[in-house]
Each structure stands twice: as structure tokens, then as C-alpha cells.
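Here's the letter readout for the chains.
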Amino acid sequence: EAIPGFRTNLTMTEIRNQTEEVGCVITGATSDLVPADRQLYALRDVTATVPSIPLITASILSKKLAEGLDALVLDVKFGSGAFMKTLDQARQLANSLVRVGSQLGLKITALVTDMNQPLGWMIGNAVEVIESVETLEGNGPADLVEITLALGAELLVITGTESDEESARLLLQKQIDSGAARERFDWMVIAQGGEPHARLHVANESVVEADRTGYISRIDTGQIGQTIIEIGGGRRRKSDTIDPAVGIQMLVRLGEKVEAGQPLAKVYAGEESSALARTQLLSAIQIAETRPAESPLIVERIGDNQ
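Conventions we followed
- Residues numbered from 1 in each chain as written.
- Predicted model: local features only at pLDDT ≥ 70, side-chain atom pairs only at ≥ 80, totals over all residues.
- Heavy atoms only, no water.
- Helix = DSSP H or I, 4+ residues; strand = E, 2+ residues; numbered from the N terminus.
- Rg over C-alpha atoms; globule rule 2.2 N^0.38 Å.
- Buried < 20%, exposed > 50% of the residue type's maximum accessible area, 1.4 Å probe, protein only.
- Contact = heavy atoms within 4.5 Å.
- Areas by Shrake-Rupley, 256 points an atom, 1.4 Å probe, with all protein chains shown as cover.
- Lys, Arg positive; Asp, Glu negative; His and termini not counted.
- Charge placed at Lys NZ, Arg CZ, Asp CG, Glu CD.
- Pairing = 2+ DSSP bridges.
- Axes fitted to C-alpha atoms, helices over the stretch in contact; angles between N-to-C directions.
- Patch = residues over 30% accessible without salt bridge, like charges linked within 9 Å, V, L, I, M, F, W, Y side chains within 5 Å.
- Salt bridge = Lys/Arg side-chain N within 4 Å of Asp/Glu carboxyl O.

A. Broad picture of the overall build of the protein chain. Helix and strand counts for the protein chain come out as 10 helices and 10 strands. Relative to the compact-globule value of 19 Å for 306 residues, the protein chain shows a C-alpha radius of gyration of 20 Å, a close match. Taking the principal axes of its C-alpha atoms as reference, the protein chain extends roughly 55 × 50 × 40 Å. Looking at the protein chain as a whole, 39% of its 306 residues qualify as buried. The contacts in the protein chain between residues at least 6 apart in sequence include a share of 70% that link residues at least 24 apart. Per element, the accessible surface of the protein chain, about 16400 Å² overall, is 52% carbon and sulfur. Side chains of the protein chain carry 28 positive and 42 negative charges; the gap between the two charge centres is 4 Å.

B. Representation of the environment of Leu93. Tracing the backbone through its elements, the reader meets Leu93 in helix 4 (residues 87–103). Considered as a pair, Leu93 and Ser52 are 41 residues apart in the sequence and their alpha carbons are 9.4 Å apart. Excluding its chain neighbours within four sequence positions, the residues that come into contact with Leu93 are Ile53, Ile56, Thr57, Val76 and Met84.

C. Focus on the sheet that holds strand 3 (residues 122–124). Taken together, the 4 strands give an open sheet; going across it, the order is 3-6-8-4, and neighbouring strands pair in antiparallel fashion. Two strands close off the open sheet at either side, each with one partner strand: strand 3 and strand 4 (205–209). Direction aside, the axes of adjacent strands within the sheet are offset by 20° on average. With 3 bridges joining them, strand 3 and strand 6 (residues 247–250) adopt antiparallel strand pairing. By the bridge assignment for strand 6, Met122 is matched with Gln249. The strands that helix 5 (residues 126–136) touches are strand 3, strand 6 and strand 8 (263–268); relative to strand 3, the one it contacts most, it runs at about 140°. Against the sheet, helix 10 (residues 271–284) makes contact with strand 4, strand 6 and strand 8, and its axis sits at roughly 25° relative to strand 4, the strand it touches most.

D. Expanded view of the side chain of Thr135. Locating Thr135 in the fold gives a position in helix 5. Since its relative accessible area comes to 11%, Thr135 is described here as buried. For Thr135, the residues in contact, after removing those within four places along its chain, are Gly140, Pro141, Leu144, Val145 and Ile176.

E. Geometry of unusual backbone geometry. Despite not being glycine, Ala48 shows a phi value in the positive range, around 60°. Looking at the secondary structure, you find Ala48 in the loop between helix 2 (35–46) and helix 3 (53–66).

F. How the structure looks around a nonpolar patch on the surface. Together, Leu40, Leu43 and Val46 make up a nonpolar patch on the protein surface, roughly 320 Å² of accessible area in all. Residue position: Val46 is located in helix 2.

Coordinates in, geometry out; function isn't part of it.
Structure follows, in C-alpha cells:
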């Protein structure tokens, strides 16, 4: 919705037609698509059962199966920026999703991935769209590209489109290098009323600097997400209006050595919101004297053909 004119309130007929004609669609939930799920989620909210893995499994798969798909690849995240805070919780959820999906006759796999720091450099609305387009043009952040190619390769292999991960990755990279991926994105945006080459407005920037020398030891990704909400980039309640121009750009990664005064992040927001964001970012990005242990981005693959 940061793209001028882009519609996300498509009807079921529009969703079907666009999927057939363009091949992809990004839209919100409709009153006709798993309408009971919203009521069940509200019930889970007031009964403190939102973290229930069986209910999460039912919620996710009911929506996916209602789409009539042939295969499904899931990115199950864990860490400070994920719903599942620990690797064990994410593994339990991934196993539950794969087991139930398989029992229902779905070709399904899951990748368990680390979300203890933001994926890519950008957090926000317009800034993330800009970064996504740059990725489609072959200039994306390494971690975002890696997860995208890994998920895409999984799908090509389990559907039998490609025989192995290496050939699948080569095919996907070819779509980026040839410009076909960006072209398909443009078709989708146009089909949904948007302007694919519109210049997106981003708020004025300010810089958050390190207050000491050391190593980036922890990034509270959840707190950074909450900061985006507080400066207007997300909703506290359904009636809130989102400002697509606000955002945050990370300039450091976990384990990186920084010097006092070195830029850690950029904030895109008005003056008052920028001050709030800078304070919260200094709390969310922790600096220690020792370098933390490295963690792989993709921890494991869970599937019925392991």
C-alpha cells in the first residue's frame, strides 16, 4: 500500500483472475476467504491461547489449504523478531505444520530461520518496498537474497519443476539477472491499480550513533518493530492510519565491531518521532566487549522426505 494506487482489497474473482493472468497477487483477507479464522483468532486472544501450536497450525494451514495450492514452503522464524522466541519452539511449530500438511496430502516443507536481527537493511513500509525492488533488480542484501533463493528452490524441487536445489537456484537467479522477476512484479502492481515505477516518498533521515566501542552483541528486533509502530509505520488498533514514509535502516549486523560515534542506523521520520526512535534503537542495539557466537541464517529444513 506504500505504492501509489495499489489495491489490497481484491474480490475473490479478482484474485482468481489475476492469479491466472499474472501469476501472482498480494492482497488482504476477504469476507469470503476463511472468514471463521478471524473469529477464532479473536477468541484465542481473549482466552490466552494465541501461542498454542495446534491452534497456530490450524490457523495457518486453513488459510493455505483454502487457496487450493499444490505445494507449500514455509519460513518458520525464531528469535527476538519472531513470534517463536526460541529455536525449540520454532522447530515444534515447523514439525506440526509439516506433519499436518502432509497428512492432508500437501507437498510441504519448512525452513527454520534466524530472526534475531532484521532481515535485509530496511524496516518500514516505503523503505522495504524500495529494498524489495532493488532485490528483484539484483541489488538486494545478501541475507534477504539467500532466504528468498532457498525458499524458492525448495518449492521448485518439491513440485518437480527442478531436480535438485542447485539447478533450482540457478533458474531463480536467471529470473533476476534477466529482469523477468522485476517485470513480473510490475505486471502485478499494474493489475492491482498501482504505479510500479513511482518514486516513493521517504521521510527525512537522522543518524543513530554508537555510544561506545565494542561488538554488536544483541539486536532486539521485536523492539525495533515496536518502534516502527510508535513512529507511525504500523497500527496499534485497526482504525490507525499508517505513514508509509517512516522507517529505519540498519547499518550494522550482529558480531560486527563498531567504534564510538559510528552510525548504527538511520531513522526516517519527523523530528519528534526521530528522537523517540533514536532512544529506543540505542536500547535495542546492544554493544559488548566480546564478539557473540555466530548463528546460521537457515538453521534447518523440515520435510517428510528428509
